[in-house]
Amino acid sequence: MSQTQLRTRAHATVDYEHQAEKLSLDSGYNAHDDEAHGVAVQASFITPLDPVIETNDGNRLPSVPVQEAHKINILKARAEGRTHRPQAPRPRGLSRFDVRNVEENDVNRDELLRDDRASETSRLDEALPPSHTHPLFPPLPLYGPPTFLRNLQCVTFRITSFFLSTAFLLVVVLGAVFTTLPHLLNKTWLRLTFRDRHRERPFAEEEKRRAGLRREQDKEWAARKRRRVSDSSPRDNPLDQGKGRYAPLEGGPDKLVCDVGYYARRVGLDAEDFRVQTEDGFILTLWHLYDPNEYRPSPDTHRRSKSPKIFPEQKSSHQHVLTQFNDGERRYPVLLIHGLLQSAGAYCANDDDSLAFLLCKSGYDVWLGNNRCGFEPEHSLLPYKDPRMWAWNIRQMGVMDLPALISRVLEETGFEKLGLVCHSQGTTETFVALAKEQRPDIGDKISVFCALAPAVYAGPLIDKMYLKFMRVISPRMFRMFFGIHSFIPLMMTMHQVLPGRIYGFMGYLVFSFLFNWSDTRWDRGLRDRFFQFSPVYVSAESMRWWLGRECFTKQRCILATRELGQQEDVEDQSEEERREDAMSNAADRGRTAWYDKHVPPFALWVAGSDDLVDGRRLLRRFERGREPHVDVVHSKVIEEYEHLDVLWAMDAAEQVGKEVREVLWKTMPEDARGTCRKILGVNETSVVCVGQASERQEKATFCDSQVVEGPA
């Protein structure tokens, strides 16, 4: 090796050490120190635009800007005397956004050193990279390892955001109270004049019947405790006659607790929790519902988080769930993902009409996935106060969280595919993840994607004054108001401090004011319970993606710019012209499609009175043939439903739950159908409505399309 080559490698080694320190857990670590941990070694690209940092101890650190990831890989290759060109292919479909792939020749060593020196003296409030590089997913901030100056600036942001975000929350609460006063006065007047204030509610009689039934059940539970028969099997108790195998394991007045297991036991089921590690090191909570009559929970050691690698080629030697059932009696796995500011407990708050409980009692193996941070923010390396813990948005939830949850469920159950059911933001992260420039391969692991109140296009609510405020302020002001950590953490504190009924009432008041929905179709005896599972910790960056000036509120779509959306509107103006030109335009529309051949079948339930998102526009996109690979096996618009009615309406089990159950069975793979038990309540003679994507190349065809008006 020549002296020139040695000098080049020596310089590259120094540059590599600087870049590694910039991306490591802490500053001052020596990569050659055997006891060091969290030292950046190289970048691993989950997608062409989603790199994570691998550390010397086998852990992962969250996403960094693409340029920074390529720098460390290029410098490492040069230090080792290797030639390196980025292996990640050009992101498919991103050419429409003018996003340039990074090649080795784009990186200059002097520029790297200059960037390193600049990063050491840069201010934390300038860490946010320019947002014009991608119109839909601007790059996230790059926060280096902690230093005295960075820690001081973090504390400053936390203090300023605490006061400013608290003031914002106070304004929202006062606005909610003020707008509620006319309703309260009207109810008071109706009561004083001896009139039924509930007469206009569509399920007033059913609501009274259910309230009476709950009172009777509470009395039965109290009687059993007085007779000291609680130690005997509840299945043998005469008080439980007629309830079948699902006699309650918990009872009495509702404690209003944030505990899925508690509410599962009230309907004769139970739950266990698993810990799942994402490819960027976050630890997620995954709840598994089960029937205690036939299933024994997994040991604690088995439910811990495992390697960040997903979809391992070698199956786990300890598939506890799989060993519980013989062929013919196995349960087909279904994964449920929640919406924004919620947890998966939202699927378990409506007694036996809860979607999760309905599916479990019908014969499915139900898993409830929670996104990163949730109620207990946890990372394999990062502490809560580190701003890198909160540098994520909807893209990371889709690209990292969803595949990790799917992988763990398939690993535990031994199936090749599962059914996926999502609500609101859960649909958003799935639509993002399945896009052909993201992680389309996970579509091969999903037998059907059931989207409840799909959040793809923005509804009119996005222009309300109190939400427009977040769009008007600059990114820097947004961070001053809401910080660089979790979004308004005071909400979580209030959740822990306030009694359940007070918190439930306040939660309904605030969210109803913000999102323009009501409890008209809910069982108000359960309303306080609904809000025990929200809000959860979310990052300020995530809320900035939803409500800030650069992303969703500007583009009004999660996978297309506003200009492309306007072009679609122009094309759709004349239905007659569309029909005449359908054949000639099919190829052109296919080129702007979001999804490729990996996409699973879709089933959609759209809330017709939803002001938050525009589900009809998404249906129109599929109907007009803009997604030739998408096979919509079921679609339904429920005119009277608002955004959360698909989960909590008193007739949601009839309008949504039983149809989801049917669709999951229709789309189940044939090999799984042969090893799984029959699903209760499903018409066995139903025709499987899958595999029609080829027919949709020329014309969009829906197998089951409905529009429902009014109560069932």
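Given the structure is predicted, the values throughout are model-derived calculations rather than measurements.

Hey, could you go over a nonpolar patch on the surface for me, with residue numbers and the actual values?
A cluster of nonpolar side chains, contributed by V155, I159, F162 and F163, occupies part of the molecular surface with about 410 Å² of accessible area. Structurally, F162 can be placed in helix α4 (residues 148–192). Residue F162 is classed as partly exposed on the basis of its relative accessible area, which comes to 42%.

Lay out the sheet that holds strand β1 (residues 40–47) in plain terms, naming residues and giving numbers.
Spatially, 3 strands are ordered β1-β2-β3 in an open sheet, and the strand pairing comes out antiparallel. This sheet does not close on itself; its edge strands, each paired only once, are β1 and β3 (60–61). Pairing geometry for β1 and strand β2 (residues 50–55), over 6 bridges, is antiparallel. Its bridge partner lying in β2, Q42 is registered against E54. Against the sheet, helix α2 (residues 66–79) touches β1 and β2, its axis set at about 130 degrees to β1. Of the strands in this sheet, β1 and β2 are in contact with helix α9 (residues 394–413), which crosses β2 at around 65 degrees.

Describe the UniProt feature "transmembrane region" (unreviewed entry) in the protein, and please don't skip the residues or the numbers.
The sites that carry the UniProt feature "transmembrane region" (unreviewed entry) are, in the present numbering, residues 162–185. Between the end C-alpha atoms of residues 162–185 there is a gap of 34 Å, over a span that is 100% helix and 0% strand.

I'd like a rundown of helix α18 (residues 562–572), residues and numbers included.
Where α18 is concerned, the buried positions are G565, E568 and D572. Taken down its axis, α18 places every buried residue within 55 degrees of arc, on the same side. Turned more than 90 degrees away from the buried face of α18, the exposed residues are E563 and V570.

Hey, could you go over unusual backbone geometry for me, with residue numbers and the actual values?
Note the cis peptide between S534 and P535, where omega equals -5 degrees. Inspection of the secondary structure assignment puts P535 in the loop between α15 (527–530) and α16 (540–547).

Explain the pattern of salt bridges to me, using residue names and the numbers behind them.
Tallying each qualifying case throughout the model produces 50 salt bridges. With a closest N to O distance of 3.9 Å, D259 and R265 form a salt bridge. Between R673 and E670 there is a salt bridge, and its shortest N-O distance comes to 3.6 Å. Highlighted residues: R673 and E670, both in helix α24 (residues 670–675), separated by 3 residues, approximately one helical turn. Given the relative accessible area of 19%, R673 is considered buried. A cluster of three or more residues bridged by salt bridges with shared partners is formed by R245, D291, E294, E329, R331 and R677.

Thresholds applied
Residues numbered from 1 in each chain as written. Predicted model: local features only at pLDDT ≥ 70, side-chain atom pairs only at ≥ 80, totals over all residues. Heavy atoms only, no water. Patch = residues over 30% accessible without salt bridge, like charges linked within 9 Å, V, L, I, M, F, W, Y side chains within 5 Å. Areas by Shrake-Rupley, 256 points an atom, 1.4 Å probe, with all protein chains shown as cover. Salt bridge = Lys/Arg side-chain N within 4 Å of Asp/Glu carboxyl O. Helix = DSSP H or I, 4+ residues; strand = E, 2+ residues; numbered from the N terminus. Buried < 20%, exposed > 50% of the residue type's maximum accessible area, 1.4 Å probe, protein only. Pairing = 2+ DSSP bridges. Contact = heavy atoms within 4.5 Å. Axes fitted to C-alpha atoms, helices over the stretch in contact; angles between N-to-C directions. UniProt positions renumbered as here; feature names shortened; annotations may be inferred. Arc of directions from axis to C-beta.

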